[in-house]
Amino acid sequence: MIGNDYSLELCNIFHTGQVEPGSCLQRIFGSVQTGLILKDVSLEVRAGEVLAVLGSKGSGKRALLEVISRRSRGPTRGQILLDGAPMTLSLYQKNCGYVSHRVDLIPSLNVEQTLHYAANLTIGSQVSRYVRSSRVRQVLADLALSQVARRSVASLTLSEYRRLAIGIQLVKDPVLLLLDEPTANLDPLSTYLIVSMLSSHARRRGRAVVLTMEKPRSDVFPFLDRAAYLCLGDLVYAGPTRLMLEYFRAIGFPCPDLENPLMYYLCLSTVDRRSRERFIESNTQIIALVEKFKLEGGPYRKSSAGGGGAGHVLLGTGESPPSHKMPLTTLGKPGTLQLGFTLYQRLLASTFNLSAIAAQHLFLHLALFPLICTLLWFFYRDIKHQDGPFTFQSLNGFLLNCLLSSCACAIVKTACTFPIHRTRYYQEAHEGLYSGPLFLLSFNLYSLPFSILTVAIGSRILFEATGMTSSTDWFFFAAIICSCYLLAEQQTIAILMIIKGSFIAAVTSLYLSTIFIVLSSGALRSYASLPEWLLYLTYASQTRYSGAFLSRQLFGSVYTALPPNCTARLPVNDAFLCRYKDSTAYLAERYSRGGSVFNINDMLDSDFNLSFSYAFPVAFVLLNCILYLIPLPSFIKAKFRD
């Protein structure tokens, strides 16, 4: 257990990492250029203190946070100690929190729901529901979010959004909170508000806070107990802010009057690239500052910040802060059942909230496919009354559009609704909250009732155009459409695992589905025209079975023959339009080879085709679980966070 007067210590940290983006092939084969990012970094921060890591872009600030949080990619040397114990990944995940520079929240949830589900995902069932709710209300009050608790995340200002992202980590009350550029692109008032809130949290709760800043303002100086200046991975200064002016004055760099000391010494620690002469001059100066701190900075680095610490007196009150409390996460992690149920609840809440985004998602889930089916019914509503030579051609087009519309609607729906939750999963899984298969199971349980309902409505509309009346026929017609819909969903989920953009993923999935339908369904190309190797490949496609089932149902149940006077009403040279004497002849041409019918009853066996139509989506669910369980290459996962 971590004691009251704990500290985080970094001792002689060296870290090597990627120093250039690199091409896709370079990242796959690991040939991206690497270099030393952190060079002999040593610093510490104690309970109740706020440490600001300052530096220009490329100085190593983010790399330092990732090394502390055990997220870094690349070799690291040195010691990281939390209360004297080596910082392992499990120790970090149990006691610490990390607010990344990019946090993608679910936009259709409101602020209170976001914190509520964050608490349920991080705090175990050993903590009562009342305590969790109290903690959520406390965080809302501490971050000045109580007034916007019922507002959707999508409607928040940038400052409110940042505070909510911080609140997601504060709700579990970590002993160490890391924040990557929490004030970037904020106005001065919002910057002051966030830094003062973090300082208040550190003092009242006795917690350590480490944040990075690129352009610190003078008005946040009183809230920073410690500062560390980085330049190209080297440490220029690390120690209490109250001793910073004294140190730089002692080595010959006093801060001018009326200057912002944080910004002045940041400029002093930054390489000037405006000209070659300035670059050489500033680089030489920084090397001298780094060497100077290595020789004389030890006492400053170890000095107490004075105003911080778990036992200091709260300013303006004369009272000691409350005694140190254990993080709520130390009382136990949530069980798998609690995690899965929380994810399921969050998915439902994101769909049924009163917001524009939730309404869009609800439309995509329930109304898109029935709307497309209504359009198809309008074009094909007279099929059941046709008795001319175009009957088979019309039915064939109807079958093709049934397959295409079910796949296309499922792809569009999944591409528009799944990425929000997928990106949130990647970020939460990075914190070790839950696994990919659990996320997929929750999403599939959430999505399945919507899929069944929308297919039931849409297929009923399409069924009215077929002329069939039996409820059994409708059930099997809907079942086969549903199998295509579910497969397209799972296929798109698999593609969205590695493709970030919804549009590109949707186009890719739609392209694959179109190829399968054209080659395997028998609606556009008969099996007689396929090369033998391609014919065998169709057995690995779901549309081969769903197309055969629909062909048997549509052509075998209702339209058994054309009118006997068909050829009499047509010129002889147009007999092509009456080439099929009945539906059996049509099916024989579609599913036979070499001019003879072979095993056509087996190929059109309804039970066999229905079973295999559902075997494919089930297999895809299992495949997706395996894919989301296998560790992805770091550069693929990083694009959902960076």
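Residues numbered from 1 in each chain as written. Predicted model: local features only at pLDDT ≥ 70, side-chain atom pairs only at ≥ 80, totals over all residues. Heavy atoms only, no water.

(A) How the structure looks around the sheet that holds strand β1 (residues 7-18). The strand order across the open sheet built from four strands is β2-β1-β4-β5, with neighbouring strands paired in antiparallel fashion. A strand with exactly one partner marks an edge of an open sheet, and here the two such strands are β2 (34-46) and β5 (85-86). When strand β4 (residues 76-82) meets β5, the two strands line up antiparallel, connected through two bridges. Within β5, the position partnered with Leu82 by the bridge is Ala85. (Pairing = 2+ DSSP bridges. Helix = DSSP H or I, 4+ residues; strand = E, 2+ residues; numbered from the N terminus.)

(B) Seen up close, the pattern of salt bridges. The full count for this structure, using the stated rule, is 21 salt bridges. In this structure, Arg102 engages Asp104 in a salt bridge whose closest nitrogen and oxygen atoms are separated by 2.6 Å. One salt bridge connects Arg205 with Asp173, and the closest N-O pair in it is separated by 2.6 Å. You can see Arg205 sitting in helix α7 (residues 188-205) and its partner Asp173 sitting in the loop between α6 (158-170) and β7 (176-179), a full 32 residues away along the chain. Several salt bridges share partner residues, and in doing so they unite Arg135, Asp173, Arg205 and Arg207 into one network. (Salt bridge = Lys/Arg side-chain N within 4 Å of Asp/Glu carboxyl O.)

(C) Quick look at the packing of aromatic side chains. As enumerated under the stated definition, the model contains 31 aromatic pairs in all. Between Tyr425 and Tyr434 the ring centres are 6.0 Å apart and the planes differ by 35 degrees, which places this aromatic pair in the tilted class. One aromatic cluster is present, formed by Phe352, Phe418, Tyr425, Tyr426, Tyr434, Phe439, Phe443, Tyr446, Phe450 and Tyr628 through successive ring pairs. In this structure, Arg381 is placed above the aromatic ring of Phe378, and the distance from its NZ or CZ to the ring centre is 4.5 Å. The ring centre of Tyr539 lies 4.8 Å from the NZ or CZ of Arg544, which sits over that ring. (Phe/Tyr/Trp six-rings, centres within 6.5 Å; stacked < 30°, edge-to-face > 60°. Lys NZ or Arg CZ within 6 Å of the ring centre and 35° of its normal.)

(D) Focus on the UniProt feature "transmembrane region" (unreviewed entry) in the protein. Those residues carrying the UniProt feature "transmembrane region" (unreviewed entry) are residues 354-378, 438-462, 474-496, 503-524 and 614-636 in this numbering. Taken end to end, residues 474-496 has its terminal C-alpha atoms 33 Å apart, with 100% of it in helix and 0% in strand. (UniProt positions renumbered as here; feature names shortened; annotations may be inferred.)

(E) Examining the state of the cysteines more closely. Under the definition given, this model contains zero disulfides. Looking at Cys482, it has no disulfide partner, and the nearest cysteine sulfur is the one in Cys484, 9.2 Å off. (Disulfide = S-S within 2.5 Å.)

(F) Highlighting unusual backbone geometry. Of note in the backbone geometry, Asp40 takes a positive phi value of approximately 55 degrees without being a glycine. Tracing the chain through its elements places Asp40 in strand β2. Notably, Glu181 is not glycine yet its phi reads approximately 50 degrees, a positive angle.

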